[in-house]
Amino acid sequence: LGDPAYPQALLEAPDPPLLLHTLGRIDLLRAPALAIVGSRQPTPAGREQARDFAQQLSRAGLTVVSGLALGIDGAAHEGALQGPGSTIAVVGTGLDQTYPRRHTELARQIADKGLIVSEYSLGSPPLPIHFPARNRIIAGLARGTLVVEAALPSGSLITARVAGEQGRDV
């Protein structure tokens, strides 16, 4: 928390992680950011909208923050990698784990052109309790959160609720 590289946006959020593990472009932690989250099982139109929003935001210089999950998160990361704003993936595992495995190549691209962030140490598996905690970091790193297609009981709406509680736009 006391490191000058620690993101100011998280310092302003309640319950910031004591430390962050990072892989990639740490400069993105200081960039203006917007979170894009949503369904793991989106419609084709929702997936396309997430990718397009992320691509345009990145081209405008904003960094897109999401959770590397299947569906909307993955589409948002893919779109954001197309612009200079790039993307931050906040994961619920150690940085040596990729979850879901289907996103191994996407995670490699994000590590090369963007940033992967975790509060969990190396070797930490994808435990269900990690993901709601991860969502507070997604919301905390961004000025606002865009939800694309979310079910009522979902992690996406947890992220939106937390963002609202933090005074961020949703």
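Above: the structure in question.
Treat the numbers as computed from the prediction; the structure is a model and nothing was measured.

Draft legend 1. Here's a closer look at the packing of aromatic side chains. According to the stated counting rule, one finds one aromatic pair in the structure shown. Aromatic pair Tyr 99 and Phe 131: ring centres 5.7 Å apart, planes at 45°, arrangement tilted. With Tyr 99 in the loop between β4 (87-90) and α4 (104-113) and Phe 131 in helix α5 (residues 130-141), this residue pair connects regions lying 32 residues apart in the sequence.

Draft legend 2. Representation of the sheet that holds strand β5 (residues 115-118). Ordered by their spatial adjacency, six strands build an open sheet running β1-β5-β4-β3-β2-β6, and the pairing between neighbours is mixed. The open sheet is flanked by β1 (21-24) and β6 (145-148), the only strands paired with a single partner. Across this sheet, the average inter-strand angle for adjacent strands is 25°, counted without regard to direction. Relative to β4, strand β3 (residues 63-66) runs parallel, the two sharing three bridges.

Draft legend 3. Highlighting the pairing of β5. Neither face of β5 is left uncovered, since the one carrying Leu 115 and Val 117 and the one carrying Ile 116 and Ser 118 both have all their residues buried. As paired strands, β1 and β5 are joined by four bridges and run antiparallel to one another. Bridge pairing in β5 links Thr 22 to Val 117. When β4 meets β5, the two strands line up parallel, connected through three bridges. Counterpart to Val 90 in the pairing with β5 is Val 117.

Draft legend 4. Representation of a nonpolar patch on the surface within the structure. Judged by side-chain polarity, Leu 1, Leu 11, Leu 18 and Leu 19 come together as a nonpolar surface patch covering roughly 380 Å² of accessible area. Among the secondary structure elements, Leu 1 is positioned in the segment before α1 (8-11). By relative accessible area, which is 41% here, Leu 1 ends up partly exposed.

Draft legend 5. Here's a closer look at the environment of Thr 43. As for its position among the elements, Thr 43 is in the loop between β2 (33-38) and α2 (44-59). Residue class for Thr 43 comes out partly exposed when judged on its relative accessible area of 37%. Placed 126 residues apart in sequence, Thr 43 and Asp 169 show a C-alpha to C-alpha distance of 24 Å. In terms of polar contacts, Thr 43 uses its side chain to reach the backbone amide nitrogen of Gly 46, at 3.0 Å.

Draft legend 6. How the structure looks around the packing of α2 against helix α3 (residues 72-80). Running from N to C, α2 and α3 cross one another at 35°; their axes reach a closest spacing of 7 Å. Between α2 and α3 the crossing geometry is right-handed. Of α3, the residues touching α2 (which contributes Gly 46, Arg 47, Ala 50, Arg 51, Ala 54, Gln 55 and Ser 58) are Ile 72, Ala 75, Ala 76, Glu 78, Gly 79 and Ala 80. Looking at the contact of α2 with α3 residue by residue, the class counts come to six nonpolar, four polar and three charged.

The rules behind each value
Residues numbered from 1 in each chain as written. Predicted model: local features only at pLDDT ≥ 70, side-chain atom pairs only at ≥ 80, totals over all residues. Heavy atoms only, no water. Phe/Tyr/Trp six-rings, centres within 6.5 Å; stacked < 30°, edge-to-face > 60°. Helix = DSSP H or I, 4+ residues; strand = E, 2+ residues; numbered from the N terminus. Pairing = 2+ DSSP bridges. Axes fitted to C-alpha atoms, helices over the stretch in contact; angles between N-to-C directions. Buried < 20%, exposed > 50% of the residue type's maximum accessible area, 1.4 Å probe, protein only. Patch = residues over 30% accessible without salt bridge, like charges linked within 9 Å, V, L, I, M, F, W, Y side chains within 5 Å. Areas by Shrake-Rupley, 256 points an atom, 1.4 Å probe, with all protein chains shown as cover. Salt bridge = Lys/Arg side-chain N within 4 Å of Asp/Glu carboxyl O. Polar contact = N/O pair within 3.5 Å; in protein donor to acceptor, adjacent residues only side chain to side chain. Left-handed = near helix turned anticlockwise from the far one by under 90°. Contact = heavy atoms within 4.5 Å. Nonpolar A, V, L, I, M, F, W, Y, C, P; charged D, E, K, R; others polar.

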